[in-house]
Amino acid sequence: MVSSENFECFSIREGINNDEKELQSKGIDDKLRNSIWNIVFMCYLDTGKLPSSVSIQEEKSLKKFFEHILYIFFKVPGDNIINGYLSNAIEETRELFYDLKWNEVYDFIEFLASLPDDVICKNHENSFVELCNKVLKRENSAYKFVNKKIARID
């Protein structure tokens, strides 16, 4: 399998589009936000083995995970989500994520990284923290995980 981490596209090789961007220290752009969401989805929410119409009540690990996300982190009344279907819970989580301020996105991924093992519905062989650090570096973030805490890299 070819890794896209070191991929250099035609436009960059030919000097047509130099996609270098400033260090993101006081905000995050759409590419970084989308990349972080993709990792959250891939590591925690992409339950390909379950139909999206599965009731969260039927899956204890999903219920526990979404309770932590909705009740503890987002502090929203999640009773309608917890009693609903997986697709609704994912959609609600996505909407809440995309409404976060840039610094709250970092709070969110730090929260996820700190969840106890019995709450996590882990779906990916790579570590969430490891994948986040790859994306943070690739998208030129001024931050990265150090011991499961977001830290500024100077």
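Note that this is a predicted model, so its numbers are computed, not measured. (Residues numbered from 1 in each chain as written. Predicted model: local features only at pLDDT ≥ 70, side-chain atom pairs only at ≥ 80, totals over all residues. Heavy atoms only, no water.)

1. Examining the packing of helix α6 (residues 102–114) against helix α7 (residues 128–138)
And then number 1: Relative orientation of the contacting elements α6 and α7 amounts to 155°, with a least axis distance of 10 Å. The orientation of α6 relative to α7 falls into the category roughly antiparallel. You can see that α6 and α7 cross each other, and the crossing is left-handed. Contacts between α6 and α7 involve Y106, I109, L112 and A113 on the former and, on the latter, F128, V129, C132 and L136.
And then number 2: Among the residues forming the contact of α6 with α7, the class breakdown is 8 nonpolar, no polar and no charged. (Axes fitted to C-alpha atoms, helices over the stretch in contact; angles between N-to-C directions. Helix = DSSP H or I, 4+ residues; strand = E, 2+ residues; numbered from the N terminus. Parallel < 35°, antiparallel > 145°, perpendicular 65-115°, else oblique. Left-handed = near helix turned anticlockwise from the far one by under 90°. Contact = heavy atoms within 4.5 Å. Nonpolar A, V, L, I, M, F, W, Y, C, P; charged D, E, K, R; others polar.)

2. Comments concerning the nonpolar core
And then number 1: Counting 43 residues, the largest nonpolar core has V40, F66, F108, I109, L112 and F128 as the members making the most contacts within it.
And then number 2: Put simply, the parts of the chain that give this core at least two residues each are α2 (30–45), α3 (60–73), α5 (86–98), α6, α7 and β1 (143–146).
And then number 3: With 8 residues, α2 is the largest single contributor of residues to this core.
And then number 4: Apart from residues no more than four positions distant in its own chain, V40 is found in contact with L45, F108, I109, L112 and F128. (Core = buried A, V, L, I, M, F, W, Y, C linked by side-chain atoms within 4.5 Å. Buried < 20%, exposed > 50% of the residue type's maximum accessible area, 1.4 Å probe, protein only.)

3. Notes on α5
And then number 1: In this model, α5 (13 residues) spans 18 Å end to end at C-alpha, consistent with the 18 Å of a helix rising 1.5 Å per residue.
And then number 2: Burial in α5 covers these residues: L86, A89, I90, T93, L96 and F97. All buried residues of α5 project into a common sector of 130° when viewed along the axis, lining one side. (Expected span 1.5 Å × (residues − 1). Arc of directions from axis to C-beta.)

4. Regarding the packing of aromatic side chains
And then number 1: Across all of its chains, the model carries 15 aromatic pairs by this definition.
And then number 2: Ring-pair connections join several aromatic residues into one group, and the members of that group are W37, F73, F74, F97, Y98, F108 and F111.
And then number 3: One residue, R33, lies across the ring of F97, its end atom 5.9 Å from the ring centre. (Phe/Tyr/Trp six-rings, centres within 6.5 Å; stacked < 30°, edge-to-face > 60°. Lys NZ or Arg CZ within 6 Å of the ring centre and 35° of its normal.)

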